[in-house]
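Examining the three-dimensional arrangement
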Amino acid sequence: MAVTGCSWLLLSAVFLSVGAEISITPEPAQPAEGDNVTLAVHGLLGELLAYNWYAGPTLSLTYLVASYIVSTGDETPGPAHTGREAVRPDGSLDIQGVLPRHSGTYILQTLNRQLQTEVGYGHLQVYEILAQPVVMANNTALVERRDTLRLMCSSPSPAEVRWFFNGEALPIAIRLGQSPDGRVLTRHGIRREEAGAYQCEVWNPVSVSRSEPINLTVYFGPERVAILQDSTARTGCTIKLDFNTSLTLWCVSQSCPEPEYVWAFNGRALKNGRDHLNISSMTAAQEGTYTCIAKNPKTLLSGSASVVVKLTAAAVAMTIVPVPTKPMEGQDVTLTVQGYPKDLLVYAWYRGPASEPNRLLSQLPSGNWIAGPAHTGREVGFANCSLLVQKLNLTDAGRYMLKTVTLQGKTETLEVELQVAPLE
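In what follows, the accompanying structure is described. Since we're looking at a predicted model, the values are computed, not measured. (Residues numbered from 1 in each chain as written. Predicted model: local features only at pLDDT ≥ 70, side-chain atom pairs only at ≥ 80, totals over all residues. Heavy atoms only, no water.)

With respect to the overall build of the chain
Scanning the chain for helices and strands turns up three helices and 36 strands. Relative to the globule expectation of 22 Å for 424 residues, the C-alpha radius of gyration of the chain, 49 Å, shows a markedly less compact shape. Judged by the C-alpha coordinates and their principal axes, the chain covers about 155 × 50 × 30 Å. Burial statistics for the chain: of 424 residues in total, 43% are counted as buried. Excluding contacts between residues fewer than 6 apart, the proportion of contacts in the chain whose partners are at least 24 apart in sequence is 56%. A total of about 21700 Å² of accessible surface is found on the chain, and carbon and sulfur atoms cover 53% of it. (Helix = DSSP H or I, 4+ residues; strand = E, 2+ residues; numbered from the N terminus. Rg over C-alpha atoms; globule rule 2.2 N^0.38 Å. Buried < 20%, exposed > 50% of the residue type's maximum accessible area, 1.4 Å probe, protein only. Contact = heavy atoms within 4.5 Å. Areas by Shrake-Rupley, 256 points an atom, 1.4 Å probe, with all protein chains shown as cover.)

Quick look at the environment of I293
Positionally, I293 belongs in strand β26 (residues 288–295). The sequence separation of I293 and A305 amounts to twelve residues, and the corresponding C-alpha distance is 6.8 Å. For I293, the residues in contact, after removing those within four places along its chain, are E260, Y261, V262, G303 and S304.

A short note on the environment of Y290
Position of Y290 relative to the elements: it lies in strand β26. The buried category is assigned to Y290, whose relative accessible area is 4%. For the pair Y290 and R268, spaced 22 residues apart in sequence, the C-alpha separation works out to 9.4 Å. Residues contacting Y290, with those up to four places away along its chain left out, are I227, L249, A264, F265, L277, I279, A305, S306, V307 and V309. Among the polar contacts listed, one links the side chain of Y290 to the backbone oxygen of Q286, at a separation of 2.8 Å. (Polar contact = N/O pair within 3.5 Å; in protein donor to acceptor, adjacent residues only side chain to side chain.)

Things to note about a nonpolar patch on the surface
On the surface, a cluster of nonpolar side chains totalling about 240 Å² of accessible area is made up of V134, M136 and M152. Relative to the elements of secondary structure, V134 occurs in strand β10 (residues 134–137). (Patch = residues over 30% accessible without salt bridge, like charges linked within 9 Å, V, L, I, M, F, W, Y side chains within 5 Å. Salt bridge = Lys/Arg side-chain N within 4 Å of Asp/Glu carboxyl O.)

Considering the sheet that holds β26
On the basis of which strands lie adjacent, the open sheet formed by five strands has the order β21-β27-β26-β23-β24 and mixed pairing. The open sheet is flanked by β21 (238–241) and β24 (268–269), the only strands paired with a single partner. One ladder, built from two bridges, connects strand β23 (residues 260–265) with β24; its direction is antiparallel. Paired with F265 across the two strands is R268, which belongs to β24. (Pairing = 2+ DSSP bridges.)

Side note on the layout of surface pockets
Taken as a whole, the largest pocket encloses approximately 220 Å³ of empty space. Around the largest pocket, the lining comprises 13 residues; the ones closest to its centre are Q125, Y127, P158, A159 and N204. The residue inventory of the lining of the largest pocket, partitioned by class, reads eight nonpolar, three polar and two charged. (1 Å grid on protein atoms, 1.4 Å probe; cavity = no way out; pocket = protein on both sides within 12 Å on 5 of 7 lines; lining within 4 Å. Points joined across faces, edges and corners; volume = space filled by probe spheres on them. Nonpolar A, V, L, I, M, F, W, Y, C, P; charged D, E, K, R; others polar.)

Here's the deal with the state of the cysteines
Defined simply, a disulfide is a covalent bond joining two cysteines at their sulfur atoms. Under the counting rule described, the total for this entry stands at two disulfides. Covalently, C153 is tied to C200 through a disulfide, its sulfur atoms 2.0 Å apart. Its S-S torsion of about 70° marks the bond between C153 and C200 as right-handed, since a negative value means left-handed. A residue pair is termed long-range when its members are at least 10 positions apart, and C153 in strand β12 (residues 149–154) and C200 in strand β17 (residues 196–204) qualify at 47 residues. Each member of the pair, C153 as well as C200, carries the same accessibility label: buried. What pairs with C251 in a disulfide is C292, and their sulfur atoms sit 1.9 Å apart. Between C251 and C292, the disulfide has an S-S torsion of -90° and is therefore left-handed. One end of the pair, C251, is in strand β22 (residues 247–256); the other, C292, is in strand β26, with 41 residues separating them in the sequence. With respect to class, C251 is no different from C292; both count as buried. Taken in sequence order, the bonded cysteines of the chain link in the pattern 1-2, 3-4. Here C237 stays free of any disulfide, with the sulfur of C251 as its closest cysteine sulfur at 15 Å. (Disulfide = S-S within 2.5 Å.)

Regarding the nonpolar core
Core analysis: the largest hydrophobic core is formed by 21 residues, its most contacted members being L249, Y290 and V309. Mapped by element, the contributors of at least two residues to this core are β19 (214–229), β21, β22, β23, β25 (276–279), β26 and β27 (302–311). Counting residues per element, this core draws most heavily on β27, at four residues. Setting aside chain neighbours within four positions, we find L249 in contact with I227, L228, I239, W263, D275, H276, L277, Y290 and V307. (Core = buried A, V, L, I, M, F, W, Y, C linked by side-chain atoms within 4.5 Å.)

Considering the pairing of strand β13 (residues 160–165)
Of the strand pairs in this sheet, β13 and β17 are connected by six bridges, and their pairing is antiparallel. In the sheet register, V161 faces β17, and the bridge partner there is V202. Judged from the two bridges that link them, β13 and strand β14 (residues 168–169) form a sheet pairing that is antiparallel. Of the residues in β14, the one forming a bridge with F165 is E168. In this structure, the hairpin formed by β13 and β14 is closed by a connection of two residues, where N166 is found at a positive phi of approximately 55°.

Dropping the structure here:
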């Protein structure tokens, strides 16, 4: 019985057998694009006259790939033929160099000598060789607890997506919100521990490709601002120093980026923008409260810490030191007072014993000083009780006496012997 392609199509519309046992399986089972695939047919019964292959969900002429006459081996391409398909004598369909567009439902329709037809269904899924995806971020520098992070895995392929954080699988369910397709990650109120390298990976059964990392910075702080002395936290403490010793205070904090630093002494800003402050020679004038203020230029937050620096009890005792210690005739000398009382009311300098005829000068509570009977016009007084004697002569050598009176009425007298070397 000869069967033409046209008559076979007409007959197939009339005689459709039910309960067909035909099965179709692709070989290989998970082909990648470019593979040669065979849609192998199993369960064919009886002597068959012809085959029809369809690439679509229904037996429609639009989906017809090819018709094949068994007795002659003649194959007639259909509207859905792509130039890559060929029907085997056993009914299987070969597809050379499959593409993703070859994916879908395939139907084989057979015709036997009783002019009965049977159909079998199969599905072909062709997997792409995946291109490298790209991670895109709404911002790569965010402020902790304020900003929202959005990462998108951009890939032209409809593949599965996995995320990685610093090279490890990201615990998506716990830390980040994931879109239904897994391609978008959202984190409201980003945290510092989420700073690092993010990657996404697309995969299918035959291919996997991971993106280049995108690095995320999370700004935070400053927090736990503290002042250190020799690696020891001293915030809120009192540091006691011996007279004329040195001290370095360090300001530390937890912050990203490194904060800007401002130091203050007794509430007055110092010209120091570094993370440390040096006190090179401790005197009574440097006693007080030192404060470090750390400012983060990204978060716009700031924090501070303070310490109190005082002279040790032994250093509080008042002393007089000539500077220079052995001045020469014609030089100036300063009788420098160290450890003068902070609650000073008045003081007076005398040339010799503390009597009115010997008084050089006195300083009043207003801060002004007045000359005494022994004043030569070359003596100048300072707020810290020190005395400057200008253009020394040999007669200036001898004993000088300082008398101080505090607000509480406490009187203290101290003397120093000044030596003047003659010019050679």
